[in-house]
Amino acid sequence: MKILFLMPQGAREQDIKTHYINLLAPNTEFEVKFLPRLSKSEKTSLADLRQIIKEDFQSYIDEANITIISEATWFQAIYKNCKPAQLLGYKLTDSKNNVLFFAPNPFSLLYDTTVPNKIMQVMTAVNNELLGSYKEPGKDIIHTAHYCRDPMEVMIELDKLTKYPILTCDIETKSLCHIDAGLVSIAFAWNKHEGSALYINNDKGLYPILKDFFKEYRGKLIFHNISFDVYVLIYDLFMENPLDYEGLLEGLQVFLTEHEWEDTKLITYLATNSADGNTLGLKPNTQEYSGNYAIEEINDIDSIDVDRLLKYNLIDVLSTWYLYEKYYDKMVHDQQKDIYYKLFQPAVKDLIQMQLVGMPLDMNQVKKTKAELQADSDNAINNIMKLKIIKDFERKLNEDWVTMKNSVLKKKKVSFADAHEVFNPRSAIQLRELLYEVLKLPVLKKTKKGGEAVDGETFKDLLSHTTENSEPRILLENLIAYKEVDKILSSFIPAFEKATPCNGWHYLYGHFNLGGTVSGRLSSSDPNLQNIPATGSKYAHLIKECFKAPPGWLMIGLDFNALEAHIDALVTKDPAKLAVYMYGYDSHMYNAIHYWKERCKDIILLPEDSGKNKFKCTLNGQVYYLDEGEQIELPDGTITTIEQAFKLLPN
């Protein structure tokens with residue numbers, strides 16, 4: 001039996017030997033061929049890649065018993081229209097019945113600690129194929145399945161489930177928003193091979209029964225992404241309407257206080273997080289156990305056969321058990337247990353509550369804000385479109401279109417009169433051509449994919465490379481204005497307009513994601529409530545005006561006082577950093593008198609027990625005791641602050 005490895009050009013010989021070849025069964029014949037390196041800046045079509053395979057590699061594939069391809073794009077060219085990461089451990093065949101396996105790229109060994117196990121999974125499958133004992137991933141993981149479609153069956157099964165001390169739980173819904181979600185099905189498993197899937201079909205008659213089950217159940221519940229499942233369960237089972245905060249609080253109490261619970265998504269995050277990031281989805285993290293069982297058309301849940309949906313839901317909870325066993329001990333071993341139980345779990349309760357409360361919106365103000373933003377957008381576009389350089393550029397676009405069309409048309413030809421190309425300020429392709437090819441502006445920055453940057457910050461940097469009142473400068477100024485307002489108009493205003501009406505007011509809902517960033521910061525989505533303009537934008541105040549408490553309520557804003565600086569001081573235990581918080585020094589002044597001792601020689605740091613403010617400053621012969629935010633009177637009678645007075649000190 002002969003194994004062919006198709007490896008990316010440049011892969012290290014030692015990595016190939018250690019992680020691939022050495023895992024083959026003893027005395028297995030093998031051969032390694034290297035695939036051409038793919039350009040990062042210029043995408044090669046799959047058709048071109050297939051031609052290269054046909055000319056340079058097909059004969060080797062035909063001769064081998066098994067071919068292992070360790071590069072995703074080349075695998076897609078050979079196997080066609082697939083998602084390689086979902087096919088780890090799967091035996092596949094091409095049009096000639098050649099046996100293929102996909103394996104992770106050896107370059108990923110440099111930054112992804114999960115890759116060795118994934119390669120091991122593939123090589124184990126290859127060896128099993130050589131021995132005639134290959135088994136498809138996910139096959140036969142279901143040993144006991146109770147599928148309940150009738151309401152009476154659901155009631156009986158829920159009663160049986162109360163005896164299990166630990167259950168994994170997962171729901172299937174019609175939407176990601178609690179208002180429209182509804183419970184289509186819910187599944188439970190008491191181990192990674194046995195469980196139940198219950199067809200609810202948004203039957204409101206079953207909701208009280210489910211509610212009683214969760215109130216009476218005294219075991220541990222394990223979810224994957226509890227911030228979604230419990231968020232929907234609380235709304236559907238405990239809340240009469242979006243403003244039923246009494247029901248909301250009862251649901252939080254039942255699910256997150258009275259129950260012991262776990263979240264395998266958070267456990268996976270803490271067990272696998274790295275500087276390069278990680279994947280937290282249930283299916284990618286359990287693929288070696290449950291295989292590629294995803295239903296692609298899950299977005300249209302009504303079109304899925306009930307039997308298939310229930311099996312899918314059941315595999316989810318079986319996989320959740322597997323993932324819990326896979327990563328819980330690793331999380332503990334990596335000393336992340338305290339973070340999980342003392343920081344992440346308490347935060348979940350607040351996040352679910354925030355998701356269900358939402359942000360109140362004044363829809364009349366949203367309409368006014370949209371009109372003002374649209375006026376600014378229209379003004380910027382009008383200023384752009386009347387420029388001569390734009391008119392010339394549009395002529396070029398139309399000429400290029402005619403040339404391109406006539407190069408492919410065999411009989412009927414087109415003329416300039418048939419062309420209707422217009423400048424689109426949202427088109428990165430057009431902006432690159434206009435700015436860097438036509439106007440010859442310097443390339444100051446590139447994107448991750450190697451293209452010239454065409455974002456607002458780059459436009460600001462390019463201003464210094466234009467002359468005052470020139471057309472390129474006017475173009476850039478208006479592109480900056482357009483980009484700033486267009487992002488709000490295209491991203492946030494549509495989300496505001498879709499806000500949920502209730503009791504004469506509107507509410508904007510979104511999701512908050514623990515583990516959504518490498519750094520551990522919170523992230524937000526659908527919409528991103530953390531990215532709404534707040535400061536640094538001319539539209540920040542205008543957007544803030546859209547958020548308004550409904551009649552009878554008061555909106556209060558809270559913020560941490562120098563949170564990161566406090567944490568920095570506590571973690572580093574730097575005496576100077578700690579002194580700011582222990583003795584009440586103004587941190588900016590405290591740092592300045594140490595960094596610029598010559599300039600600050602007239603400022604004296606007073607002892608902590610002096611009873612006066614912490615800095616003594618002699619300015620123009622007069623002594624001041626300064627503290628942050630204090631107003632002082634200068635000899636000429638001017639009232640100023642310490643920050644302004646500090647600027648008057650001699651350089």
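Residues numbered from 1 in each chain as written. Predicted model: local features only at pLDDT ≥ 70, side-chain atom pairs only at ≥ 80, totals over all residues. Heavy atoms only, no water.

Caption draft 1: Structural context of the overall build of the protein. When its secondary structure is counted, the protein shows 24 helices and 21 strands. The dimensions of the protein, computed from C-alpha atoms along their principal axes, are 95 × 75 × 55 Å. Of the accessible surface of the protein, which amounts to about 34,900 Å², a share of 51% is contributed by carbon and sulfur atoms. In the protein, 73 positive and 90 negative side-chain charges are present, and the distance between their average locations comes to 5 Å. (Helix = DSSP H or I, 4+ residues; strand = E, 2+ residues; numbered from the N terminus. Areas by Shrake-Rupley, 256 points an atom, 1.4 Å probe, with all protein chains shown as cover. Lys, Arg positive; Asp, Glu negative; His and termini not counted. Charge placed at Lys NZ, Arg CZ, Asp CG, Glu CD.)

Caption draft 2: Molecular detail of the nonpolar core. In terms of nonpolar packing, the biggest core is built from 100 residues, with Ile-186, Phe-188, Phe-214 and Phe-496 touching the most fellow members. When residues no more than four places from it in sequence are discounted, the contact partners of Phe-188 are Leu-158, Leu-161, Leu-167, Thr-168, Cys-169, Gly-195, Ser-196, Leu-198, Phe-213, Phe-214, Leu-314 and Val-317. If you look at the next biggest cluster of nonpolar residues, it comprises 41 residues, including Met-7, Tyr-20, Trp-74 and Ala-77. (Core = buried A, V, L, I, M, F, W, Y, C linked by side-chain atoms within 4.5 Å. Buried < 20%, exposed > 50% of the residue type's maximum accessible area, 1.4 Å probe, protein only. Contact = heavy atoms within 4.5 Å.)

Caption draft 3: Quick peek at unusual backbone geometry. Across the junction of Asp-526 and Pro-527, the peptide omega takes the value -5°, indicating a cis bond. Relative to the helices and strands, Pro-527 is located in the loop between β16 (523-525) and α20 (540-544). Of note in this structure, Asn-225 is not a glycine but carries a positive phi near 75°. One can find Asn-225 in the loop between β10 (220-223) and α8 (226-238). A residue is classified by how much of its surface remains accessible, and Asn-225, at 23% relative accessible area, is partly exposed. Residues other than glycine seldom take positive phi values, yet Lys-440 does so here, at roughly 60°. Within the secondary structure, Lys-440 sits in the loop between α17 (428-438) and α18 (456-462). Owing to a relative accessible area of 63%, Lys-440 belongs among the exposed residues under this scheme.

Caption draft 4: Region of the structure containing the sheet that holds strand β5 (residues 99-102). Across the sheet, which stays open at both edges, the five strands sit in the order β2-β1-β3-β5-β4 with mixed pairing between neighbours. Two strands lie at the open edges of the sheet, namely β2 (29-35) and β4 (92-93), each paired on one side alone. In this structure, strand β3 (residues 66-69) lies alongside β5, joined through four bridges in parallel fashion. Paired with Ile-68 across the two strands is Phe-101, which belongs to β5. Against the sheet, helix α3 (residues 72-79) touches β1 (2-8), β2, β3, β4 and β5, its axis set at about 155° to β5. (Pairing = 2+ DSSP bridges. Axes fitted to C-alpha atoms, helices over the stretch in contact; angles between N-to-C directions.)

Caption draft 5: Geometry of the sheet that holds strand β13 (residues 500-502). Strand order in this open sheet of three strands is β12-β14-β13, and the pairing throughout is antiparallel. The sheet is open, and its two edges are formed by β12 (359-361) and β13, each paired on a single side. The average angle at which neighbouring strand axes cross in this sheet is 40°, direction not considered. With three bridges joining them, β13 and strand β14 (residues 505-508) adopt antiparallel strand pairing. Its bridge partner being in β14, Cys-502 is matched across the sheet by Trp-505.

Caption draft 6: Focus on the packing of aromatic side chains. This model, assessed by the stated rule, comprises 22 aromatic pairs. Between Tyr-245 and Trp-553, the ring centres sit 5.9 Å apart and the planes meet at 80°, which makes this aromatic pair edge-to-face. Of this pair, Tyr-245 sits in helix α9 (residues 245-258) while Trp-553 sits in the loop between α20 and α21 (563-572); the two residues are 308 residues apart in sequence, bridging distant segments of the chain. Classification of Trp-553 by relative accessible area gives exposed; the value is 56%. Their ring planes at 80° and their centres at 5.4 Å tell us that Phe-496 and Phe-547 sit as a pair that is edge-to-face. One end of the pair, Phe-496, is in helix α19 (residues 471-497); the other, Phe-547, is in the loop between α20 and α21, and 51 residues separate them in sequence. Phe-496 gets classed as buried once you look at its relative accessible area, which sits at 0%. Three or more aromatic residues joined by ring pairs make a cluster, and in this case those are Phe-188, Phe-213, Phe-214, Tyr-217, Phe-238 and Phe-255. (Phe/Tyr/Trp six-rings, centres within 6.5 Å; stacked < 30°, edge-to-face > 60°.)

Caption draft 7: Highlighting the pattern of salt bridges. For the structure on display, the rule yields 28 salt bridges. Between Arg-149 and Asp-307 there is a salt bridge, with its nearest N and O atoms 2.5 Å apart. Of this pair, Arg-149 sits in the loop between β6 (144-148) and α5 (151-161) while Asp-307 sits in helix α13 (residues 306-333), placing them 158 residues apart in sequence. The exposure class assigned to Arg-149 is partly exposed, which follows from its relative accessible area of 37%. (Salt bridge = Lys/Arg side-chain N within 4 Å of Asp/Glu carboxyl O.)

Caption draft 8: Spotlight on the packing of α8 against helix α14 (residues 337-357). Put simply, α8 and α14 touch, their axes get as near as 10 Å, and they point 50° apart. Considering their axes alone, α8 and α14 lie oblique with respect to each other. You can see that α8 and α14 cross each other, and the crossing is right-handed. Here Ile-226, Ser-227, Val-230, Tyr-231, Ile-234 and Tyr-235 of α8 lie close against α14, whose contacting residues are Val-348, Ile-352, Gln-355 and Leu-356. Looking at the contact of α8 with α14 residue by residue, the classes come out as eight nonpolar, two polar and no charged. (Parallel < 35°, antiparallel > 145°, perpendicular 65-115°, else oblique. Left-handed = near helix turned anticlockwise from the far one by under 90°. Nonpolar A, V, L, I, M, F, W, Y, C, P; charged D, E, K, R; others polar.)

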